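Coordinates in review
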Amino acid sequence: MSELESWYATAVGHNLHASVQTALEPMLETAFGYHLVQVGYTRQQPLFGNSRIRHRAYTAPRAGHAVTVVAEHDELPLESDSVDVVIAHHCLDFTTQPHQVLRELQRVLTPNGQLLLIGFNPWGLLGTIHHLRGLGGNALWQGHRPVGCSRLLDWLRLLGCEAESARYLYPLPVLGESRVGHYAAAANLWSERHRLPLGDVYLIHAIKQVGGTTRPVQRASRSARLIGLAVPNPAATPRQGDHAA
């Protein structure tokens, strides 16, 4: 966990995190509900800043400054069908039980709840570099067990989750403000716009599908007013004898 946090503190990690935040913004702005949970290994990268959902929880295996729930990913201490939005940040990248983790994420989601999966793309440039570093003895990347986006889409389908979108982010590391860095940033925007599978991370947006259920709608309080006017009580329906009277 600390090694992944140290990697995110580098320039490449910082830029990658910013790219993920930018991609999540439109999804979180239109996501409504009562509860949001971010599940991941890092303890310093909350991704839900733009969410309109007020109650948010940050779950990680160890305590940290932003962590509100300490738990393992394959045993979340949350009720089934209780969370409206789950942000899964690399929680499938460093586990030996990716199926169980994914089942837990699906279990805690409400019907029609939204799952936002972020993970390293094993076929991207960084994925290749991470694999080589793992072979060279790097402790962090020796424990890296990436799951490809296409395989994840198959797993989600089996769990009854419908993928709304799948995209790849950050194909090339942006190298500062140099001319090469500007070219890399432009290439990244072009690749993301055309949905090319070249990015270093994937972002999957899936919806939990449950037959015969509907998403609960938040009800207004009884003291609510419409356009400054009190809501009138419904008129009583006249009975058959009232017409003659």
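Residues numbered from 1 in each chain as written. Predicted model: local features only at pLDDT ≥ 70, side-chain atom pairs only at ≥ 80, totals over all residues. Heavy atoms only, no water.

What follows covers the overall build of the protein chain. Secondary structure assignment for the protein chain yields 8 helices and 7 strands. Within the span of the protein chain, comprising 245 residues, buried residues form 43% of the whole. Here the contacts in the protein chain between residues at least 6 apart in sequence split such that 71% fall between residues at least 24 apart. Of the roughly 13800 Å² of accessible surface on the protein chain, a fraction of 54% belongs to carbon and sulfur atoms. (Helix = DSSP H or I, 4+ residues; strand = E, 2+ residues; numbered from the N terminus. Buried < 20%, exposed > 50% of the residue type's maximum accessible area, 1.4 Å probe, protein only. Contact = heavy atoms within 4.5 Å. Areas by Shrake-Rupley, 256 points an atom, 1.4 Å probe, with all protein chains shown as cover.)

Time to look at the pairing of strand β2 (residues 55–60). With 5 bridges connecting them, strand β1 (residues 35–40) and β2 associate as parallel partners. When the sheet's bridge partners are listed, Val39 is paired in β2 with Thr59. (Pairing = 2+ DSSP bridges.)

Moving on, we come to the pattern of salt bridges. Working definition: two side chains of opposite charge can pair if their charged atoms are close together. Going through the model one piece at a time under the given rule, you end up with 4 salt bridges. In this structure, the salt-bridge partner of Lys208 is Asp81, at a minimum N-O distance of 2.7 Å. Of this pair, Lys208 sits in strand β7 (residues 201–208) while Asp81 is found in the loop between β3 (69–70) and β4 (83–89), placing the two residues 127 residues apart along the sequence. What makes Lys208 buried here is its relative accessible area of 4%. Asp81 gets classed as partly exposed once you look at its relative accessible area, which sits at 43%. (Salt bridge = Lys/Arg side-chain N within 4 Å of Asp/Glu carboxyl O.)

Right, let's get into the packing of aromatic side chains. All told, the structure shown has 7 aromatic pairs when counted by the stated rule. Ring plane angle 85 degrees and centroid distance 5.7 Å describe the contact between Trp7 and Phe120, whose orientation is recorded as edge-to-face. Here Trp7, found in helix α1 (residues 2–8), pairs with Phe120, found in strand β5 (residues 109–120); they are 113 residues apart in sequence, far enough to count as distant. Overall, the relative accessible area of 10% leaves Trp7 in the buried class. Here Phe120 falls in the buried class, since its relative accessible area comes to 1%. Measuring from centroid to centroid gives 6.2 Å for Phe94 and Trp141, while their planes differ by 40 degrees, and the two rings are tilted. (Phe/Tyr/Trp six-rings, centres within 6.5 Å; stacked < 30°, edge-to-face > 60°.)

Another point: the nonpolar core. Core analysis: the biggest nonpolar cluster contains 29 residues, and Trp7, Leu24, Ile87 and Phe120 have the highest contact counts within it. Only α1, α2 (11–29), β4, β5, α5 (139–142) and β7 provide two or more residues apiece to this core. Looking at which element gives the most residues to this core, the answer is α2, with 6 residues. Of all hydrophobic cores here, the second largest spans 26 residues; its members include Ala88, Val147, Cys149 and Tyr202. (Core = buried A, V, L, I, M, F, W, Y, C linked by side-chain atoms within 4.5 Å.)

We now examine the side chain of Gln114. By the secondary structure assignment, Gln114 is in strand β5. Apart from the residues within four sequence positions on either side, Gln114 is in contact with Thr30, Ala31, Asp84, Val85, Val86, Leu109, His205, Ala206 and Ile207.

Taken together, the 7 strands give an open sheet; going across it, the order is β3-β2-β1-β4-β5-β7-β6, and neighbouring strands pair in mixed fashion. Looking at strand neighbours, the two that pair on one side only are β3 and β6 (161–169), the edges of this open sheet. Summarising the sheet, β5 and β7 pair through 7 bridges and their orientation is antiparallel. Paired with Ile118 across the strands is Leu203, a residue of β7. Most of the contacts of helix α3 (residues 98–108) go to β5, to which it runs at about 145 degrees, and overall it touches β1, β4, β5, β6 and β7. (Axes fitted to C-alpha atoms, helices over the stretch in contact; angles between N-to-C directions.)

Bringing α2 into the picture now. When the terminal C-alpha atoms of α2 are compared, their 27 Å separation across 19 residues agrees well with the 27 Å that a helix rising 1.5 Å per residue should span. Largest kink in α2: about 30 degrees, centred on Ala23, with the proline Pro26 one to four residues after it. (Expected span 1.5 Å × (residues − 1). Bend = angle between axes of the 7 residues up to and from the residue.)

Topologically, Gly33 is positioned in the loop between α2 and β1. Each C-alpha atom, one on Gly33 and one on Ile53, is 6.1 Å from the other, the two residues being 20 residues apart in sequence.

With that settled, the discussion passes to the packing of α3 against helix α6 (residues 149–158). Here α3 crosses α6 at 50 degrees, and the two axes come no closer than 11 Å. With respect to α6, the axis of α3 lies oblique. Crossing handedness for the pair α3 and α6: right-handed. Where α3 abuts α6, its residues Pro98, His99 and Leu102 lie against Leu152, Trp155 and Leu156. (Parallel < 35°, antiparallel > 145°, perpendicular 65-115°, else oblique. Left-handed = near helix turned anticlockwise from the far one by under 90°.)

These results come straight from atomic positions and should not be treated as a statement about function.
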